[in-house]
Amino acid sequence: METLVQEPVAEAPAFNPVKTMKALVYHGPGKKSWEDKPMPAIMKPTDAIVKILKTTICGTDLHIMKGDVPEVTDGRIIGHEGVGIIEEAGSGVSSFKKGDHVLISCITSCGKCSYCKKGMYSHCEDGGWILGHLIDGTQAEYVRIPHADNSLYPIPAGADEEALVMLSDILPTGFECGVLNGQVKPGDTIAIVGSGPIGIAALLTAQFYSPAEIIMIDRDDNRLEVAKTFGATRTINFEAENAVERVMSLTGGIGVDVAIEAVGVPASFELCEEIVNPGGHIANIGVHGKSVSLHLETLWAKNITITTRLVDTVSTPMLLKTVQSQKLKPNQLITHHFRLDQIMEAYETFGNAAKEKALKVIMTS
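So, here is what we can say about the structure in this document. Not measured: the values here are computed from a predicted model.

**Thoughts on the overall build of the protein chain**
Assigned secondary structure in the protein chain consists of 13 helices and 15 strands. Each principal axis of the C-alpha distribution contributes one length, and for the protein chain these read about 115 × 40 × 40 Å. Taken over 365 residues, the protein chain has a buried fraction of 53%. When the accessible surface of the protein chain is totalled, it reaches about 16900 Å², and 52% of it is carbon and sulfur. The protein chain carries 32 positive and 44 negative side-chain charges, and their two centres are separated by 4 Å.

**Structural notes on the packing of helix H5 (residues 170–180) against helix H6 (residues 197–206)**
The relative placement of two packed helices is expressed as an angle between their axes plus a distance between the axes. Where H5 meets H6, the closest approach of the two axes is 8 Å, and the angle between their N-to-C directions is 70°. In terms of axis orientation, H5 runs roughly perpendicular to H6. Two packed elements cross with a definite hand, and for H5 against H6 that hand is right-handed. Where H5 approaches H6, its residues Ile 170, Leu 171, Thr 173, Gly 174, Phe 175 and Val 179 are matched on the opposing element by Pro 197, Ile 198, Ala 201, Ala 202, Leu 204, Thr 205 and Ala 206.

**So, the pattern of salt bridges**
Two side chains bearing opposite charge may form a pair once their charged atoms approach each other closely. What the rule picks out here adds up to 16 salt bridges. For Arg 144, the salt bridge identified is with Asp 47, shortest N-O distance 2.9 Å. With Arg 144 in strand E6 (residues 142–145) and Asp 47 in the loop between strand E2 (32–38) and strand E3 (48–56), this residue pair connects regions lying 97 residues apart in the sequence. Take Arg 144: its relative accessible area is 16%, and that puts it in the buried class. Overall, Asp 47 belongs to the buried group, its relative accessible area being 1%. Counted as one network, the salt bridges with shared partners bring together Glu 176, Arg 309 and Asp 312.

**Describing the packing of aromatic side chains**
Per the stated rule, a full pass over the model turns up two aromatic pairs. Ring centres 6.4 Å apart and planes at 10° place the aromatic pair Phe 175 and Tyr 209 in the stacked group. Of the two residues, Phe 175 sits in helix H5 while Tyr 209 sits in the loop between H6 and strand E9 (213–218), which places them 34 residues apart along the sequence. Among the residues examined, Phe 175 registers a relative accessible area of 4% and is labelled buried. Feature note: the residues Phe 175, Phe 208 and Tyr 209 constitute an aromatic cluster, connected by ring pairs.

Thresholds applied
Residues numbered from 1 in each chain as written. Predicted model: local features only at pLDDT ≥ 70, side-chain atom pairs only at ≥ 80, totals over all residues. Heavy atoms only, no water. Helix = DSSP H or I, 4+ residues; strand = E, 2+ residues; numbered from the N terminus. Buried < 20%, exposed > 50% of the residue type's maximum accessible area, 1.4 Å probe, protein only. Areas by Shrake-Rupley, 256 points an atom, 1.4 Å probe, with all protein chains shown as cover. Lys, Arg positive; Asp, Glu negative; His and termini not counted. Charge placed at Lys NZ, Arg CZ, Asp CG, Glu CD. Axes fitted to C-alpha atoms, helices over the stretch in contact; angles between N-to-C directions. Parallel < 35°, antiparallel > 145°, perpendicular 65-115°, else oblique. Left-handed = near helix turned anticlockwise from the far one by under 90°. Contact = heavy atoms within 4.5 Å. Salt bridge = Lys/Arg side-chain N within 4 Å of Asp/Glu carboxyl O. Phe/Tyr/Trp six-rings, centres within 6.5 Å; stacked < 30°, edge-to-face > 60°.

In structure tokens form, the structure reads like this:
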């Protein structure tokens, strides 16, 4: 009788599906897509993975999309603002645990390097502005946050999380780069060139110091009207009238004490140079992708202070308190709401702010 030998059955290869998520991905100037990307994972013990609840679009993201920030490479997930829930915390994270609601800072800080010890978190030797810039960012379903203990803030129970998204970037940026660097003082006359979200953030926080006049300069009448509701004492549409002549007529021919640049184009910075008075300050906030002319032939003898800065977010805890106490109401900046999967539409709206009457957009997952 013939013995039957059973052939061994080959084992099916192990199936290890890669978990994916949806994210907004940059593919070079003018190119972006909402696509599948691998889920982020803990890479160092000090990392946390955050599930995004709400995020927004920054003017800096528009500069990235134009190619103004060449360090951002093809395939990068964009975004550096948002609030969310801790999905996973590394073994070295001591301040947060799974399930905690957190505010994401646009600046990553190790808290230990020489720059962090000076409060210059923006130049952290193992961080700084890296989210949506040098590492994947927040316009996604999940994001990895390095140095979580120093780069996240706990959200108090019952807080308006939409309002707190404004604390990720624009409020500390407007305050630190514009108001603090500009050394705004009681009784000052200040001009803010650019009445977009960052300019409005500077307008709101400048009022901590009781300036006598706040002049907002823009070409969008809607944004100028909004600025009035936020405390602007004067507005100038530079396309309807000569902005330099108008500022000089309002200041008795001497110019403003503080000129804050909140756009990031050559014309707006050069306007600041023309309207600042002797002994005054020019505080740059805008992200500049092109060279700007520095008119030393007119400024050299005027005792002008010119400052630049990348936000350090050292003011975030203080600003968080002012929002909690209702002294500052950043939710007034929010004009449009979208689902996170409508982010392409949100970019269209934010990119056409004048037509859409948009300030800040919120995307909710």
